[in-house]
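Summary of structural features
One-letter residues, chain by chain:
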Amino acid sequence: MANSSIKLIPRDFLLLIDLKIAAMKTTLPFLALLLVSMSTLAQVADEQVLQINVTTAEDHLILNMEEDPDFSGSYTVFKKGPGDNSWTQLGTATSAEGAFKDEAIEKGKGYEYYVAKTSGSQSLAFGYVYAGVEKEAEAKKEGIILLVDSTLTDSLAFEISRLEDDLKAEGWTPQIMYAGRTESVVDIRDRILEVYTDASPVITTMLILGHVSVPYSGNFTQFGTPPPDGHVEGSGNHTGAWAADAFYADLDGAWTDNSANHSDAGLERGNNKPGDGKYDQDKIPSTVELAVGRIDLANMPAFQQSEIALLRNYLDRNHAFRTGEQLVKNQALIDNNFLAFNLASTGYHLFSTMFDEEDIATDVDYVEGQRADSYLWSYGCGAGSFTSCNGLFNGRANTGHIADEPLNNIFTVLAGSFFGDWDVSDNFLRAPLCNQSLISFWGGLPKWYVHHMALGRHIGYGVKLTQDNTTDYFNGQFNSSDNSIHIALMGDPTLTLRYLTRASELKASSSEGKVTLTWTAATGEVDGYNIYRIDSDGEYTKVNTAPITTTDFTDDNNWYTGDYTYAVRSVKLETTPSGSYYSLAGATTAAVEHVNTVSNQVSGLQQTHLYPNPTNGTLRISNQHFRGSAFQISVFHTSGKEVMNVAQQRFEDGAVLLNVSGLPRGSYFVALVLEDGSRVTKPFVKN
């Protein structure tokens, strides 16, 4: 995305207001006057967000821009299709049209749009939406590391095992690692890299459970990169190094510990000297490999419960939410106490992609509102400290208020000074996780992008986007906070926007070449069920076409003898302002020993799988249905030219390795031919 010409209040002025509020935060009369004076300014956060509502049809979708009777400019529309890494300009719409139609879509897929609201050469607002028509659910997800504090292994054994089962039911492949509270962050990261390098499927996500060693990085100072909250030396002094879980997310970046020489940070833990184990970088050195979230509830005495009790309560709530048992109203709340700042644009943007306008409350106090009602998402911001935030709860909320009040939301976004550096006692950002929230993050410094959740993706996808973002999305332009080492998610990175109740008690039996399934219906509102056949390679095959509305099913297309796992998952077509998508519950599963009584070579060949794809050198070709069968391999370039021919092979263990390291980068096909002439081709990419 090109650098915007959007008008912002100069950073020095924003910082001055922030510092005045922070310095006077105990003088409520002055604060009240200052906030009143700020209210006369434009509500920058709301005005900088172009809210888009998507309407869909079978073969197209329409981006409908929010009405603005005073606007006479135009909207420029950009798009990213599946697999695209850059924006392609589609065209423009006038203010009179107020909408843009895209017919170049395919039902079942997701497309991202970026719309700039412009007047002449000036950008006034931006909108982003991940849209689609009946986007298909992703039943098979990637690998995930559960990095567990080793002091929790006995006390939370049941809860950790249950979390692992929940992840498997949703299609994740979890691997558990244990780490000590005093183990060096370098050793932990090295062990993460070992697991990541050898994993299949590829690991994209990591959940840290407990007080695993916290990395620190940064040399924030008024003489270089300012602290993300702007509190330089002499003005709150939040300088030096900050907590930086991004170190665990970026596995191949050049993290150094030889240049930062900072000894006058406001807190001792912020001091950063060469060779002290704290890193130099203010920005994340390279693109992150992992979406990292941390559930760390250590050192939270305001809640008057042990760390173990707080963690157990969190994991219980996590299980209840992701199994559809915890119900929260489908609405959001914004309590914006920085009207002259653009911080709350994170809330205005994200919520507009997820909720209808009438379901977003902007005139309700953050704490009092959640005392009276529940909200799926909430956003609150104001001048802060490590343990408090001005403007919330009729003037000032602190961690004690969060401990005493029923904070009825699942996803919390907060912004204000200090609490984004979260590794302190009774930290305000971690406090919601000790109450009812499952997610909390510091949204606005920089602006966060997790809007893909509105079409079914997990929040970790947006965490990576936000950490890597510099100019691809409007970052908020606040204190150089984009791509910074401090960007971190508190909570479970695998969570999605909505969950369904699960089917149960699945039974599977094989007879006369067919597999018969029966199960107990889900208790909640669902459209039906999807059926998946999982082979010994862990490959998922969706068996049904439309959702099954009964509680039984016969699979008469499994032609091959072998051991299988069948999965039944509740499914529902969800609709949001971003379009429509199929939501899947976690699976109920059953194993079956299936005996083939009918032969179908052609269908069997279609079960051939290539991994990894793309590949750097070695391609694994597997087909569990043809163990011991002889075949010949040919490799063709997409131009049709044969570039490799391998003598007769056998699927002795159901798989064979093919070395393609000598091929140039590009797209190819593998052709497998059995002795009887049956043939299949499968595409792959050589990096």
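Each remark here, short or long, concerns the structure printed above.
For the structure given in this document, a descriptive report is provided here. Bear in mind the structure is a predicted one, so any value in this text is a computation, not a measurement. (Residues numbered from 1 in each chain as written. Predicted model: local features only at pLDDT ≥ 70, side-chain atom pairs only at ≥ 80, totals over all residues. Heavy atoms only, no water.)

Attention now moves to the pairing of strand β9 (residues 173-179). In this sheet, β9 lies alongside strand β8 (residues 143-149) in parallel orientation, the contact comprising seven bridges. Each residue of the ladder has a partner; that of Ile-144, found in β9, is Pro-174. Following the backbone out of β8, through helix α4 (residues 157-169) and into the adjacent parallel β9, one traces a crossover that is right-handed. (Pairing = 2+ DSSP bridges. Helix = DSSP H or I, 4+ residues; strand = E, 2+ residues; numbered from the N terminus. Right-handed = clockwise from strand over helix to strand, strands pointing away.)

Ordered by their spatial adjacency, three strands build an open sheet running β23-β24-β27, and the pairing between neighbours is antiparallel. The outermost strands of the open sheet, each flanked by one partner alone, are β23 (504-511) and β27 (552-555). Each neighbouring strand pair of the sheet contributes to a mean axis angle of 15°, computed without reference to strand direction. The pairing of strand β24 (residues 514-520) with β27 spans four bridges and is classified as antiparallel. When the sheet's bridge partners are listed, Thr-518 is paired in β27 with Asp-552. (Axes fitted to C-alpha atoms, helices over the stretch in contact; angles between N-to-C directions.)

What follows covers the state of the cysteines. Applying the stated criterion across every chain yields a total of zero disulfides. The structure places no disulfide on Cys-389, whose sulfur is separated from the nearest cysteine sulfur, that of Cys-381, by 6.9 Å. Free cysteine: Cys-434, not disulfide-bonded; nearest cysteine sulfur from Cys-389 at 17 Å. Relative accessible area serves as the criterion here: at 7%, Cys-434 is assigned to the buried category. (Disulfide = S-S within 2.5 Å. Buried < 20%, exposed > 50% of the residue type's maximum accessible area, 1.4 Å probe, protein only.)

To continue, consider a negative patch on the surface. A surface patch of negative charge is lined by Asp-187, Asp-190, Glu-194 and Asp-198. Here Glu-194 is to be found in helix α5 (residues 185-198). (Patch = residues over 30% accessible without salt bridge, like charges linked within 9 Å, V, L, I, M, F, W, Y side chains within 5 Å. Areas by Shrake-Rupley, 256 points an atom, 1.4 Å probe, with all protein chains shown as cover. Salt bridge = Lys/Arg side-chain N within 4 Å of Asp/Glu carboxyl O. Lys, Arg positive; Asp, Glu negative; His and termini not counted. Charge placed at Lys NZ, Arg CZ, Asp CG, Glu CD.)

Once the charged atoms of two side chains with opposite charge are near each other, the side chains can pair. Under the defined criterion, the tally for this structure stands at 27 salt bridges. A salt bridge links Lys-79 to Asp-102; its shortest N-O distance comes to 2.8 Å. One end of the pair, Lys-79, is in strand β3 (residues 74-80); the other, Asp-102, is in strand β5 (residues 99-102), with 23 residues separating them in the sequence. Taking the shortest distance from any N to any O, the salt bridge between Lys-542 and Glu-136 comes out at 3.8 Å. Of this pair, Lys-542 sits in strand β26 (residues 540-542) while Glu-136 sits in the loop between β7 (122-135) and β8, placing them 406 residues apart in sequence. Among the residues examined, Glu-136 registers a relative accessible area of 39% and is labelled partly exposed. A cluster of three or more residues bridged by salt bridges with shared partners is formed by Glu-58, Lys-107 and Glu-134.

Checked against the element boundaries, Arg-457 lands in the loop between β21 (439-442) and α11 (459-468). Buried within the structure, Arg-457 lacks any salt-bridge partner; its nearest side chain of opposite charge belongs to Glu-138, at an N-O separation of 4.2 Å. Side-chain polar atoms of Arg-457 contact the side chain of Tyr-461, separated by 3.0 Å. With near-sequence residues (within four places) excluded, Arg-457 lies in contact with Tyr-130, Glu-138, His-452 and Thr-496. (Polar contact = N/O pair within 3.5 Å; in protein donor to acceptor, adjacent residues only side chain to side chain. Contact = heavy atoms within 4.5 Å.)

Here the focus is the sheet that holds strand β1 (residues 52-56). With respect to topology, three strands assemble into an open sheet ordered β1-β2-β5, the strand pairing being antiparallel. Edge positions in the sheet fall to β1 and β5, since each has one partner strand and no second. Across the sheet, the axes of successive neighbouring strands diverge by a mean angle of 20°, strand direction being ignored. Across four bridges, strand β2 (residues 61-65) lies against β5 in antiparallel orientation. From the neighbouring strand, Asn-64 faces β5, where its bridge partner is Ala-99.

Here we take up the nonpolar core. One finds Leu-147, Ile-192, Trp-377 and Phe-411 to be the most contacted residues of the largest nonpolar core, which totals 117 residues. Ignoring any residue separated from it by four or fewer positions in sequence, one finds Leu-147 in contact with Met-177, Ala-179, Ile-188, Ile-192, Met-206, Leu-207, Ile-208, Leu-209 and Val-212. Residues Val-54, Tyr-75, Tyr-113 and Val-133 belong to the second largest nonpolar core, which totals 19 residues. (Core = buried A, V, L, I, M, F, W, Y, C linked by side-chain atoms within 4.5 Å.)

Here α4 is 13 residues long and its end C-alpha atoms lie 18 Å apart, about the 18 Å a rise of 1.5 Å per residue gives. Taken residue by residue, α4 has Glu-159, Ile-160, Arg-162, Leu-163, Glu-164, Asp-166, Leu-167 and Ala-169 as its buried positions. Where the residues of α4 are buried, they touch β8, β9, β10 (203-209), α7 (307-322) and β28 (562-576). One or two steps after α4, the chain reaches Gly-171, where phi turns positive at roughly 100°. (Expected span 1.5 Å × (residues − 1).)

Under the counting rule described, the total for this entry stands at 31 aromatic pairs. Consider the rings of Phe-321 and Tyr-499, whose centres lie 5.1 Å apart with planes at 75°: the pair is edge-to-face. Separated by 178 residues along the polypeptide, Phe-321 in helix α7 and Tyr-499 in the loop between β22 (489-491) and β23 bring together distant segments of the chain. Tyr-499 carries the same exposure label as Phe-321, and that label is buried. Through a chain of ring-to-ring contacts, three or more aromatic side chains come together here, namely Phe-78, Trp-87, Tyr-114, Phe-126, Tyr-128, Tyr-449, Tyr-473 and Phe-474. A cation over a ring is seen here: Lys-278 above Tyr-216, with NZ or CZ 5.8 Å from the ring centre. The ring of Tyr-461 has Arg-457 sitting right over it, with the charged end atom 4.1 Å from the ring centre. (Phe/Tyr/Trp six-rings, centres within 6.5 Å; stacked < 30°, edge-to-face > 60°. Lys NZ or Arg CZ within 6 Å of the ring centre and 35° of its normal.)

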